[in-house]
Amino acid sequence: MQNKNIRNFSIIAHIDHGKSTIADRLIEYTGTLTKREMEAQVLDNMDLERERGITIKAQTVRLDYKGKDGQLYQLNLIDTPGHVDFTYEVSRSLAACEGALLVVDAAQGVEAQTLANVYMALENDLEIVPVINKIDLPSADPDRVKEEIENTIGLDTSNAVLASAKSGIGIEEILDSIVDYIPAPEGDENAPLQALIFDSFFDSYKGVIAHVRVKQGHIKKGMKLKMMATGKTFEVTDVGCFKPQPVDVGHLDVGEVGFVAGSLKDVRDVQVGDTITFADNPAAEPLPGYRGVTPMVYCGLYPVDSSDYDNLKDALEKMQINDAALVFEPETSVALGFGFRCGFLGLLHMDVIQERLEREYNLKLITTAPSVIYHVFKTDGTKVDVSNPSDLPPQTEIEHIEEPYVKATVIVPNDFVGAVMEISQDKRGEFKTMDYLDENRVMITYHIPLNEIIFDYFDRLKSATRGYASLDYELADYQESKLVKVDILLNGDPVDALSTIVHKDRAAGRGRQLASKLKEIIPQQMFEIPIQAAIGSKVIARENVRARRKDVLAKCYGGDISRKRKLLEKQKEGKKRMKAVGSVEVPQEAFMAILKID
Ligand code: GTP
């Protein structure tokens, strides 16, 4: 197809503003899929995604559209993940486009991730077409939302489309705006190939399939190509586009978007942001912006039943085939036995992986509280990165510790400014800026430790603002902090998996809270269990779980065997999520309790 008839675009929006619903409508309207073929949400096709209503893996679809001028256009919609954990993938998807539809909910207006996404789009020089969605809602106020967009983003909204994806209003206008306002791609068909990888997935027949945007040159079946960052070479066996299922069309020309597959067996060879070029006549330079993904959050995953260790290893390996951002290595814990330390892009990524392991691989897991990566500078002049609190060297060997900070952006109605400030200050945040979006809503930014964000920051914000707060954050830097490790001892034995790293000034309070929380969670057993919190050898808090007085079976005097069996079954069920730590049975919640302390 001639470049002048191609448009490459993304849809950017805050979560729940209707991105997927609009994508569905565009697919339906252009007849790419008939209504019958459409599942409720074609683009969100993973079960988990559907349940949680979030887009995790980006997908792409080519729409054929006959414009007002009677010409045929190829519109490539590149779907972007909508969550802050996947920011880097969003930025690469945007780099594959010339423009973006900015979808804003007509009732809710601009939110934190609307802004984060718009800034990313502007950094990639994209033409932005505003779409005010959900105008069918009684509370819709498109004029206010337009004003908000003009004031906060400085974007002209005179060409904004008013739409309702639900009622099918404005869909044709959106398609026409894409043709009219988004620039056609440019690039030299005959230059050495430069194709940007913006996503990849694993297919058990074809191997790894790369989603690409051809920036320069072209791709044909049989060509020998090379990944510029990883150096991996391969021969093209399949090349085509998504409609939305992959269709092999034999070639991708300059400006087009589609997929390439070849003898690629490992997702790690196919990295988002990398550039594909000719193996023999490579482009002089890769496309800008490549960086390897680095996990921000780590946690330990242990099988409840230690005989499941190999199954867990297998499952993690299989998951990694689909998800290059997941990293793991074996780890042993005195308390939990053999397991894995796993690294994730963020909390959502962690939740999703955990859930999939349990659901798809039928594994029962104990998860330890997530941790960030600390830079520990030792007195002997060396530096170690610590992602597991129990690996923190003894206090005497530590010169100082640095922890990651993020720039957090919170948008709230102005009635809640006080609440946001109180919580953020309590979370060791440093106030940076405050701006009014309009007379009712405020954007506040804080410099705040990532560690505090993963400790229920968003939950607290949400509940203090009746759900109105929206949050976005990005890694800012590492800064020195006075941090110590709080250990937990059960029955006198330290439980390594319950250690946490906290700020020195809060250690005593946190220790007390943790001990009393654990007292609630750990069930009574045949003997008394002392729970202690300690920094080094200094005990800072103590609680006791009293011994259980009665035997559960004592109630069923004598004969009723089936009743007895039922009780025992019930106990066994409860025990499945327990881990014997020394002589103490500890339930799964205990390992997460660290996170849920007010
Ligand atoms: P993420 O995938 O989480 O980023 O969300 P999204 O932006 O893709 O939102 P999605 O399309 O899943 O829509 C969110 C909710 O809004 C769903 O319950 C939709 O049914 C609803 N919705 C979408 N468009 C409209 C609309 O025009 N009007 C109304 N009333 N509801 C809509």
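Rules used throughout
- Note that residues are indexed from 1 along each chain, following the sequence as it is written.
- Per-residue local features are limited, in this predicted model, to residues with pLDDT of at least 70; the limit for side-chain atom pairs, both in listing and counting, is 80 or more; totals at the level of whole chains, interfaces and linings are taken over all residues.
- Excluded from the side-chain calculation are hydrogens and water; included are all heavy atoms of the structure.
- The axes used here are C-alpha line fits, helices contributing only the stretch in contact, and every angle between their N-to-C directions lies in the interval 0 to 180 degrees.
- To qualify as a helix, a DSSP run of H or I must reach at least 4 residues; to qualify as a strand, a run of E must reach at least 2; elements of each kind are numbered from the N terminus.
- Our angle categories are set so that under 35 degrees counts as roughly parallel, over 145 as roughly antiparallel, 65 to 115 as roughly perpendicular, and the remainder as oblique.
- Any two residues whose heavy atoms approach within 4.5 Å at even a single point are treated as in contact.
- Think of it as three bins: nonpolar holds Ala, Val, Leu, Ile, Met, Phe, Trp, Tyr, Cys and Pro, charged holds Asp, Glu, Lys and Arg, and polar takes everything else, Gly as well.
- The pLDDT score gives, residue by residue, the confidence of the prediction method on a 0 to 100 scale.
- UniProt positions are given in the numbering used here, feature names are shortened, and annotations may be inferred rather than shown by experiment.
- Using a 1.4 Å probe on the protein chains alone, a residue whose accessible area is under 20% of its type maximum counts as buried, one over 50% counts as exposed, and one in between counts as partly exposed.
- At least two DSSP bridges between two strands are required for those strands to pair.
- What qualifies as a polar contact is a pair of N or O atoms within 3.5 Å, subject to a donor-acceptor requirement within protein and to the restriction that residues adjacent in sequence count only when both atoms come from side chains.
- What goes into a patch is any residue over 30% in relative accessible area without a salt bridge, connected to like charges within 9 Å or, for nonpolar side chains (Val, Leu, Ile, Met, Phe, Trp, Tyr), within 5 Å.
- A 1.4 Å probe and the Shrake-Rupley method give the accessible areas. Residues count as covered only by the protein chains that appear here.
- Whenever Lys or Arg places a side-chain nitrogen within 4 Å of a carboxyl oxygen from Asp or Glu, that contact is recorded as a salt bridge.
- The positive count covers Lys and Arg only, the negative count covers Asp and Glu only, and His and the chain ends enter neither.
- Where a charge sits is defined by one atom per residue type, namely NZ (Lys), CZ (Arg), CG (Asp) or CD (Glu).

Observations regarding the packing of helix α1 (residues 19-29) against helix α6 (residues 171-181)
- Viewed as axis vectors pointing N to C, α1 and α6 meet at an angle of 85°, and their least axial separation amounts to 10 Å. Between α1 and α6, the angle falls in the class roughly perpendicular. Where α1 approaches α6, its residues Ile22, Arg25, Leu26 and Tyr29 are matched on the opposing element by Ile171, Glu172, Ile174 and Leu175.
- For the contact of α1 with α6, the per-class residue count stands at six nonpolar, no polar and two charged.

Considerations on unusual backbone geometry
- Cis rather than trans, the peptide bond between Lys243 and Pro244 has omega equal to -20°.
- Tracing the backbone shows Pro244 in the loop between β11 (233-242) and β12 (246-248).
- At Asp16, a position not held by glycine, the phi torsion is positive, near 75°.
- Its identity is not glycine, yet Lys134 carries a phi of approximately 65°, on the positive side.

Overview of the confidence of the model for the protein
- Averaged over the protein, the pLDDT score is 86; the fraction of residues at 70 or greater is 89%.
- Confidence drops under pLDDT 50 across residues 53-58; counting only partners more than four residues distant or on other chains, this segment forms 29 contacts.
- Scored as a complex, the prediction yields pTM 0.76 and ipTM 0.97.

Describing the UniProt feature "binding site: GTP" (unreviewed entry) in the protein
- Under the UniProt annotation, the feature "binding site: GTP" (unreviewed entry) is placed at Asp16, His17, Gly18, Lys19, Ser20, Thr21, Asn133, Lys134, Ile135 and Asp136.
- With respect to the helices and strands, Lys19 occurs in helix α1.
- With residues near it in sequence (within four places) discarded, Asn133 still touches His17, Gly18, Ile22, Val103, Val104, Asp105, Ala106, Ala163, Ser164 and Ala165.

Let's talk about the pairing of strand β3 (residues 72-78)
- For β3, the tally of buried residues reaches six of seven residues, placing the bulk of the element in the interior.
- Note: strand β1 (residues 6-13) against β3, five bridges, orientation parallel. Residue pairing in the sheet places Phe9 in a bridge with Leu77 of β3.
- Between strand β2 (residues 60-66) and β3, which pair antiparallel one after the other, the connecting turn spans five residues, and Gly70 there sits at a positive phi close to 85°.

A closer look at the side chain of Thr275
- Residue placement: Thr275 occurs in strand β15 (residues 275-278).
- A distance of 2.9 Å separates the side chain of Thr275 from the backbone nitrogen of Leu287, its partner in a polar contact.
- Discounting residues that sit within four places of it in the chain, Thr275 has contacts with Gln194, Ala195, Lys226, Met227, Met228, Pro286 and Leu287.

Re a negative patch on the surface
- A surface patch of like charges, here negative, comprises Asp143, Glu147, Glu150, Asp156 and Glu439.
- Examined against the element boundaries, Glu439 turns out to sit in the loop between β23 (430-436) and β24 (441-449).
- Among the residues examined, Glu439 registers a relative accessible area of 62% and is labelled exposed.

Here we look at the pairing of strand β21 (residues 383-386)
- When strand β20 (residues 374-378) meets β21, the two strands line up antiparallel, connected through four bridges. Bridge pairing links His375 to Asp385 in β21.
- With antiparallel pairing between neighbouring strands as the criterion, β20 and β21 make up a hairpin whose turn holds four residues, including Gly381 at a positive phi of roughly 90°.

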